[in-house]
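One-letter residues, chain by chain:
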Amino acid sequence: MEEIRRAAGAYYENLPDEEKRNARFSFNEMDKNKDGKINLDEYVEYLKKDNNTVLPSLFTALDKDGNGTLDFDEAIVLYYTMQSGRAIICQSCKTFLAGAYFTCSQCFFNDDDSVSTFDVCCDCYGGKKFRHNDGHIFCDNYTLLRQSRSPIQAAPIKKRTKVLNILKRGMQVAGITSSDLQPSNIGGIITGDDEVRGNGCSIM
Ligand SMILES: [Ca+2]
Ligand SMILES: [Ca+2]
Ligand SMILES: [Zn+2]
Ligand SMILES: [Zn+2]
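Residues numbered from 1 in each chain as written. Chains lettered and ligands numbered in written order. Predicted model: local features only at pLDDT ≥ 70, side-chain atom pairs only at ≥ 80, totals over all residues. Heavy atoms only, no water.

Peer 1: Explain the coordination of the zinc ion (ligand 3) residue by residue, including any values.
Peer 2: Coordination sphere of the zinc ion (ligand 3), protein contribution only: Cys90 (SG), Cys93 (SG), Cys121 (SG) and Cys124 (SG), at 2.3 Å. For the zinc ion (ligand 3), the four donor atoms are set out with angles of 100 to 115° between them, so the coordination reads as tetrahedral. Along the chain, the residues donating to the zinc ion (ligand 3) fall in the pattern C-x2-C-x27-C-x2-C. Per residue, the accessibility class of Cys121 equals that of Cys124, and both read buried. (Donors = N, O, S within 2.8 Å, 3.2 Å for Na, K, Ca; no water. Tetrahedral: all angles 85-135°; square planar, octahedral: opposite > 155°, others 65-115°. Buried < 20%, exposed > 50% of the residue type's maximum accessible area, 1.4 Å probe, protein only.)

In structure tokens form, the structure reads like this:
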């Protein structure tokens, strides 16, 4: 959890002022009774409102000093996980994946939006305490991010938008914000709709 806290702090420091105000605004919105901190009820109510997955285990993990409420600095981590798509839980034991974890590369690189990623914590993966499709290959989130780099370089220009989207998801897996990742910022990438299949993670 410490690592993701540090990432969230660094993320927040680099936000434009307007987004820092948004973060503060979300915090105030969550703080229904206006006592300057978020209790579990406020947390649950806020997340339910937007149909987010409510993870009580995440609340506990966010509460660094264990006093049962989240102050603004603690809540920044929640803001970060939501903004970055980093609120990921183990599909097997349902704990919040704060650090390194394993994800199925076939499911991850599947460009059908109805297929969700399949993520498991190191304990469940190492102990083989999960069920998933036969033949699907897992890799850890850091490897996946590195693997996302080769398809984008190898793809013909017209396929690159698809690859770019895959790369964005890879960045989310690693907990990196991808707001700067626009086609115009990535040298010469233009739109197209051809299918690109990711593959890799052969080191597993
Ligand atoms: Ca409150
Ligand atoms: Ca606290
Ligand atoms: Zn697990
Ligand atoms: Zn899979």
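Still more to cover.
Peer 1: So what about the pairing of strand S3 (residues 101-104)? Which residues, and what values?
Peer 2: Residue alternation in S3 divides its side chains into two sets, Tyr101 and Thr103 and Phe102 and Cys104, and both sets are buried. One ladder, built from three bridges, connects S3 with strand S4 (residues 119-121); its direction is antiparallel. Each residue of the ladder has a partner; that of Phe102, found in S4, is Val120. Sheet analysis places S3 next to strand S5 (residues 138-140), joined by three bridges and oriented antiparallel. Across the sheet, the residue bridging to Phe102 is Asp140, located in S5. (Helix = DSSP H or I, 4+ residues; strand = E, 2+ residues; numbered from the N terminus. Pairing = 2+ DSSP bridges.)

Peer 1: Tell me about the side chain of Asp31, and name the residues and values.
Peer 2: Relative to the helices and strands, Asp31 resides in the loop between helix H2 (17-30) and strand S1 (38-39). Although Asp31 lies buried, it forms no salt bridge, and the closest oppositely charged side chain, Lys34, sits 5.7 Å away as judged by the N-O distance. Looking at Asp31, its side chain comes within polar contact range of the main-chain nitrogen of Asp35, at 3.3 Å. If we ignore the near neighbours within four places in the chain, the residues touching Asp31 are Gly36, Lys37, Ile38 and Glu42. (Lys, Arg positive; Asp, Glu negative; His and termini not counted. Salt bridge = Lys/Arg side-chain N within 4 Å of Asp/Glu carboxyl O. Polar contact = N/O pair within 3.5 Å; in protein donor to acceptor, adjacent residues only side chain to side chain. Contact = heavy atoms within 4.5 Å.)

Peer 1: Pulling in residues and values, what's your account of helix H1 (residues 2-13)?
Peer 2: Between its first and last C-alpha, H1 extends 17 Å over 12 residues, near the 16 Å set by a 1.5 Å rise per residue. The complete set of buried residues in H1 reads Ile4, Arg5, Ala8, Tyr11 and Tyr12. Seen end-on, H1 carries its buried residues on one side only, within an arc spanning 125°. Projecting away from the buried face of H1 at angles above 90 degrees are the exposed residues Arg6 and Glu13. On its buried face, H1 is in contact with H2, helix H4 (56-62) and helix H5 (72-83). (Expected span 1.5 Å × (residues − 1). Arc of directions from axis to C-beta.)

Peer 1: Account for the environment of Phe59, with residues named and values stated.
Peer 2: By secondary structure assignment, the location of Phe59 is in helix H4. C-alpha separation for the pair Phe59 and Ala75, spaced 16 residues apart in sequence, amounts to 9.2 Å. Excluding residues that lie within four positions of it along the chain, Phe59 makes contacts with Ile38, Asn39, Leu40, Tyr43, Gly68, Thr69 and Leu70.

Peer 1: Now, about the coordination of the calcium ion (ligand 2): what can you tell me, with residues and values included?
Peer 2: Looking at the calcium ion (ligand 2), one finds its protein donor set to be Asp63 (OD), Asp65 (OD), Asn67 (OD1), Thr69 (O), Glu74 (OE) and Glu74 (OE), positioned 2.3 to 2.7 Å from the metal centre. Because the angles between the six donor atoms bound to the calcium ion (ligand 2) fall within 51 to 154°, the donor set is best described as irregular. All donors of the calcium ion (ligand 2) come from a single chain, and their spacing in sequence reads D-x1-D-x1-N-x1-T-x4-E. A residue is classified by how much of its surface remains accessible, and Thr69, at 13% relative accessible area, is buried.

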